[in-house]
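What the coordinates show
The residues making up each chain are set out below.
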Amino acid sequence: MNAVSMHAFRRRALLPFRLAFTAFAFALFGLGGIVFGFFLTPWLKMAGGTPEEKKSLARRVVKRWFGLFVSVVTSLGLVRIEVKNPEAFQKKGAILAANHPSLIDIVCLLSIVPEATTIVKASLLKNWFTRAPILGAGYIPNDGPEALGLLEAELSRGVSFVIFPEGTRTPIQLSEIPKMHRGTAQLALHANRPITPVRISAHPRWLTKDAVWWRLPQEPMVLTFEALPEIDVQTFQKTYNQSFRRAAVELTNAVGRALFPHL
């Protein structure tokens, strides 16, 4: 049996173990949501401090929970994580705009950034596993009209904002830059803060929008998080003075070109 055949045989032999490890990791993740709802939420309500202090505490708990999940999937050999320019993720009050190739990249990002908020789908508030952590950490539903004001206030307190301007996971086949929502650019212009594009690459792709979790790639997925140079909103100030909408469109396009330079 040659080396190629041996490698293929080894992949097939290990597949049941990788499936079991994957199921265990996601079960652990779901268990964390249950623990948060039944134990941590009552504790946070009884804890002293202001609402903002309680929210900050909840985010630290979520960060550790996400960090544990990342440690498990990397230790089990399901995913490898690489972070480029890690100091950029430590900056307080940053706007981090990323592409979205995999379901778990938000979990990885929130485990890297010291304290961050994000916008979540309103439907997740109806999910038994995610409702309590979202409410406790003060993550903002995407159907709230007051989102912009809430986010500006969070940024001023030094909380970073992690967002996927695409609004959904990046398609596998791309012939042009995906359509991106302008909300991130509008926030940056309103708050007069730069945007840090975060280019995420996933090879091979796994946990994409149209694929089930148990359809594992032949090799562990390598997730690379690269913080790119900031995009200064002052560059768009002249356009902003003439038309806020056009400035938001141009800034959004600049973020898209940074995230998808090959298109």
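I will try to describe carefully the structure that is included in this document. (Residues numbered from 1 in each chain as written. Predicted model: local features only at pLDDT ≥ 70, side-chain atom pairs only at ≥ 80, totals over all residues. Heavy atoms only, no water.)

**A look at the overall build of the chain**
Stated formally: For the purposes of this entry, the term helix denotes a DSSP run of H or I that reaches at least four residues, the term strand denotes a run of E that reaches at least two, and both are numbered from the N terminus. Only C-alpha atoms enter the radius of gyration; for comparison, a globular chain is expected to reach 2.2 Å times N to the power 0.38, where N is the number of residues. Only protein chains enter the area calculation, which uses a 1.4 Å probe; residues under 20% of their type maximum are buried, those over 50% are exposed, and those in between are partly exposed.
The secondary structure content of the chain amounts to eight helices and seven strands. Expected size for 263 residues packed as a compact globule is a radius of gyration near 18 Å; at 20 Å, the chain falls within 12% of this value. Considered along the principal axes of its C-alpha atoms, the chain spans approximately 70 × 50 × 30 Å. Out of the 263 residues in the chain, the part that is buried amounts to 41%.

**Comments concerning the sheet that holds strand S5 (residues 160–163)**
Put simply, the rule reads: Two strands pair if DSSP finds at least two bridges between them. Between two residues, a contact is recorded if the distance between any of their heavy atoms is within 4.5 Å. A fitted line through C-alpha atoms serves as each axis, taken over the contacting stretch for helices, and the angle formed by two N-to-C directions is quoted from 0 to 180°.
The sheet built from seven strands is open, its strands ordered S1-S7-S6-S2-S5-S3-S4 with mixed pairing. Whereas interior strands pair on both sides, the edge strands pair on one side only; in this sheet they are strand S1 (79–84) and strand S4 (140–141). Bridge analysis of S1 against strand S7 (residues 221–227) gives six bridges, and the strand direction is parallel. If you follow Val79 over to S7, its bridge partner there is Met221. Where helix H2 (residues 51–75) meets the sheet, its contacts fall on S1 and strand S3 (116–120), and the angle it forms with S1 comes to roughly 125°. Contacts from helix H3 (residues 105–112) reach S1, strand S2 (95–98), S3, S5, strand S6 (195–203) and S7 within the one sheet, and its direction differs from that of S7 by about 50°.

**Comments concerning the environment of Asp143**
Residue position: Asp143 is located in the loop between S4 and helix H5 (147–156). Classification of Asp143 by relative accessible area gives exposed; the value is 57%. Note: C-alpha distance between Asp143 and Pro165 (22 residues apart in sequence) is 15 Å.

**Examining the packing of H5 against helix H6 (residues 183–191)**
Put simply, the rule reads: Orientation is classified from the angle alone, with under 35 degrees giving roughly parallel, over 145 giving roughly antiparallel, 65 to 115 giving roughly perpendicular, and any other angle giving oblique. Handedness of a helix crossing follows the sense of rotation of the near helix relative to the far helix, less than a right angle counterclockwise being left-handed and clockwise being right-handed. Residue polarity follows a fixed list, in which Ala, Val, Leu, Ile, Met, Phe, Trp, Tyr, Cys and Pro are nonpolar, Asp, Glu, Lys and Arg are charged, and the others, Gly among them, are polar.
Here H5 crosses H6 at 55°, and the two axes come no closer than 10 Å. The angle between H5 and H6 places the two elements in the oblique class. Between H5 and H6 lies a crossing of right-handed hand. Taking contact as the criterion, the partners of Leu148, Leu151, Glu152 and Leu155 in H5 are, on H6, Gln186, Leu187, His190 and Ala191. Looking at the contact of H5 with H6, its residues break down into five nonpolar, two polar and one charged.

**Some thoughts on a nonpolar patch on the surface**
Quick note on the threshold: Only residues above 30% relative accessible area that lack a salt bridge enter a patch, with like-charged residues linked at up to 9 Å and the nonpolar side chains Val, Leu, Ile, Met, Phe, Trp and Tyr linked at up to 5 Å. Residue exposure ignores everything except the shown protein chains as possible cover, and the areas themselves are Shrake-Rupley values with a 1.4 Å probe. One speaks of a salt bridge when a side-chain nitrogen belonging to Lys or Arg is within 4 Å of a carboxyl oxygen belonging to Asp or Glu.
A contiguous nonpolar patch, built from Leu31, Val35, Phe38, Phe39, Trp128 and Phe129 and spanning about 670 Å² of accessible area, is present on the exposed surface. Structurally, Val35 is set in helix H1 (residues 3–46). Residue classification places Val35 among the partly exposed positions, given a relative accessible area of 34%.

**Remarks on the side chain of Thr224**
Stated formally: Residues adjacent in sequence count toward polar contacts only when both atoms are side-chain atoms; beyond that, a polar contact is any pair of N or O atoms within 3.5 Å, and within protein one must be able to donate a hydrogen and the other to accept it.
Take Thr224: it is sitting in strand S7. Exposure remark for Thr224: the relative accessible area of 9% places this residue in the buried category. A polar atom in the side chain of Thr224 sits 3.3 Å from the side chain of Glu82. The residues touching Thr224, leaving out its near neighbours within four places in the chain, are Glu82, Lys84, Arg199, Ile200 and Ser201.

**What to know about the nonpolar core**
Going by this rule: In this description, a nonpolar core means a group of buried Ala, Val, Leu, Ile, Met, Phe, Trp, Tyr and Cys residues linked to one another through side-chain atoms lying within 4.5 Å.
In terms of nonpolar packing, the biggest core is built from 44 residues, with Val79, Phe89, Leu109, Val162, Ile200 and Leu223 touching the most fellow members. Counting only elements with at least two residues in this core, the list comes to H1, H2, S2, H3, S3, helix H4 (131–137), S6 and S7. For this core, the element with the highest residue contribution is H2, accounting for eight residues. Filtering out sequence-adjacent residues up to four positions away, Leu223 remains in contact with Val79, Arg80, Ile81, Glu82, Ser102, Ile104, Cys108, Ile200, Ser201 and Ala202. Counting 24 residues, the second largest nonpolar core, distinct from the first, contains Ala147, Leu151, Val255 and Phe260.

**Description of the packing of aromatic side chains**
What counts, and what does not: Only Phe, Tyr and Trp rings are paired, with Trp represented by its six-membered ring, and only when their centres lie within 6.5 Å; those with planes under 30 degrees apart are stacked, over 60 edge-to-face, the remainder tilted.
This model, assessed by the stated rule, comprises 10 aromatic pairs. Judged by centre distance (4.9 Å) and plane angle (25°), the ring pair of Phe29 and Trp65 falls under stacked. Within this pair, whereas Phe29 is found in helix H1, its partner Trp65 is found in helix H2, the two being separated by 36 residues in sequence. Given the relative accessible area of 21%, Phe29 is considered partly exposed.

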